[in-house]
Amino acid sequence: MALIGTGTANADPAQTAVTQPEHPAGPEFDAVAPNATPYVGPQMPANTRSSLQWSRTGPETDYLSPVGTLHAPTPVAPVPPILPPPGQFRFGDQLVPVPDFVPVDTSIQINDAAAHTEANLATFLDSVGLERSRSDRIASSTLGSAARGAAVGSTVAIPFAMMASTGGAVAGLVAGIPFLPIGLVAGPILGGMAAYMAVSVPITVVGAGVGAAVGAASGFLAPPQAAAPGTVDAGAMDAGVELVSA
């Protein structure tokens, strides 16, 4: 102990200085991360369930161009997604209030996925020669009708899915007997859920597909609507005339 104490007392001051921290300590230094890059984007309205900062506020509704002449897909600029109204789910032309029990992050993911799907469809329609107003109309009508069809299909499937769920619960109970005691609880639950989904999901998908086809046909066959004077610039109107006359 004496030797250790002596060695410590006689330590070289230069060596002691080397062991000091190279960076100053303190709350100001500790609070700054070396790779801090704050995200800065346009401010969206409060309660808007979307993370797509580059979205536009809505589809083109001032006019509706004729279908014109279609062609094979060609490269075009991506169509920006459309921002949903605050507190709403937006599936194309279908708006649904966001229930209070849905987490904010979940509602944002749902809206972002729907907006990306609609924008990708509109981009494809642009690429085959449709004017933007017509592309917007078909894309929003397709997605909205698909959502309505899925809702109708899910509602129609409920009684059939409930009957299948009862049978699945019984089958799960029988299958769970060898795994007593947990099998008597898990077996009916898992069997009932599996049977319900096996019936409900296909009917819902069929409803969505039928709705999407009806919506696409509705948007494609909608009669053209002339633009009011002053609502569209001359360059856009000339491009529309060239597209129709092509």
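Calculation rules
Residues numbered from 1 in each chain as written. Predicted model: local features only at pLDDT ≥ 70, side-chain atom pairs only at ≥ 80, totals over all residues. Heavy atoms only, no water. Helix = DSSP H or I, 4+ residues; strand = E, 2+ residues; numbered from the N terminus. Buried < 20%, exposed > 50% of the residue type's maximum accessible area, 1.4 Å probe, protein only. Contact = heavy atoms within 4.5 Å. Areas by Shrake-Rupley, 256 points an atom, 1.4 Å probe, with all protein chains shown as cover. Pairing = 2+ DSSP bridges. pLDDT = per-residue confidence, 0-100. Salt bridge = Lys/Arg side-chain N within 4 Å of Asp/Glu carboxyl O.

1. A few points about the overall build of the chain
When helices and strands are counted, the chain shows 7 helices and 2 strands. Ordered by position in the sequence, the α and β elements of the chain form the string α-α-α-β-β-α-α-α-α. Going through the 246 residues of the chain one by one, you find that 32% of them count as buried. For the chain, contacts bridging at least 24 residues in sequence account for 75% of all contacts bridging at least 6. For the chain, the accessible surface area stands at approximately 15400 Å², while carbon and sulfur atoms represent 70% of it.

2. Things to note about the pairing of strand 2 (residues 94-97)
Alignment of strand 1 (residues 88-91) against strand 2, held across 4 bridges, turns out to be antiparallel. If you follow phenylalanine 91 over to strand 2, its bridge partner there is glutamine 94. If you look at the hairpin formed by strand 1 and strand 2, you'll find 2 residues sitting between the two strands, and glycine 92 has a positive phi there, around 65 degrees.

3. Thoughts on the confidence of the model for the chain
On average, the chain scores 76 in pLDDT, and the residues at 70 or more come to 68%. Note that pLDDT drops below 50 for residues 234-246; the model gives that stretch 7 contacts with residues more than four away or on any other chain.

4. Things to note about the pattern of salt bridges
For the structure shown, the criterion picks out 4 salt bridges. The salt bridge involving glutamate 118 is made with arginine 90; its shortest N-O contact spans 2.4 Å. Taken together, the residues span a long stretch of sequence, with glutamate 118 in helix 4 (residues 104-127) and arginine 90 in strand 1 at a distance of 28 residues. Arginine 90 matches glutamate 118 in its accessibility class, with the two residues each being buried. In this structure, the salt-bridge partner of aspartate 93 is arginine 148, at a minimum N-O distance of 3.4 Å.

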